[in-house]
Amino acid sequence: MHEFTAELRARLAEAREELRRAGESGDEHGVQIASGRLDNLKRLAADHGINPEAEEEAE
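Every value quoted in this text rests on a predicted model; they were computed, and no experiment measured them. (Residues numbered from 1 in each chain as written. Predicted model: local features only at pLDDT ≥ 70, side-chain atom pairs only at ≥ 80, totals over all residues. Heavy atoms only, no water.)

**Q** Mind laying out helix α1 (residues 2-25), listing which residues take part and the relevant values?
**A** In an α-helix there are 3.6 residues to a turn, and that puts residues three or four apart on one side. Here α1 contains 24 residues, and its C-alpha end-to-end distance of 35 Å stays within 8% of the 34 Å for a straight helix at 1.5 Å per residue. Along α1, the residues that are buried comprise T5, L8, R9, L12, A15 and A22. As for α1, its buried residues are in contact with α2 (28-47). Two residues or fewer after α1 comes G26, characterised by a positive phi angle close to 75°. (Helix = DSSP H or I, 4+ residues; strand = E, 2+ residues; numbered from the N terminus. Expected span 1.5 Å × (residues − 1). Buried < 20%, exposed > 50% of the residue type's maximum accessible area, 1.4 Å probe, protein only. Contact = heavy atoms within 4.5 Å.)

Quick look at the structure:
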């Protein structure tokens, strides 16, 4: 499960970065796409009991 959690957190970070870049560049369509991707990843995290807002926890 650790690999799944790590991969999901990496994808969340990528989606947040995409959203930030799209917002900074004024790309409204990109913002919508990145927001949707981020929402889907957050939903997936919640479905698996992973806090999507937490940083990677040390084991």
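The discussion continues.
**Q** Outline the packing of α1 against α2, listing residues and values.
**A** Relative to each other, α1 and α2 sit at 160°, their axes nearing to 8 Å. Compared by their axis directions, α1 and α2 come out roughly antiparallel. Between α1 and α2 the crossing geometry is left-handed. Between α1 and α2, the contacting residues are F4, L8, R11, L12, E14, A15, R16, E18, L19, A22 and G23 on the first element and G30, V31, A34, S35, R37, L38, L41, K42, L44 and A45 on the second. Among the residues forming the contact of α1 with α2, the class breakdown is twelve nonpolar, three polar and six charged. (Axes fitted to C-alpha atoms, helices over the stretch in contact; angles between N-to-C directions. Parallel < 35°, antiparallel > 145°, perpendicular 65-115°, else oblique. Left-handed = near helix turned anticlockwise from the far one by under 90°. Nonpolar A, V, L, I, M, F, W, Y, C, P; charged D, E, K, R; others polar.)

**Q** Tell me about the environment of L8, and name the residues and values.
**A** Along the polypeptide, L8 turns up in helix α1. Taking the C-alpha atoms as reference, L8 lies 9.1 Å from I50; in sequence the two are 42 residues apart. Not counting chain neighbours up to four residues away, the residues in contact with L8 comprise L41, L44, A45 and I50.

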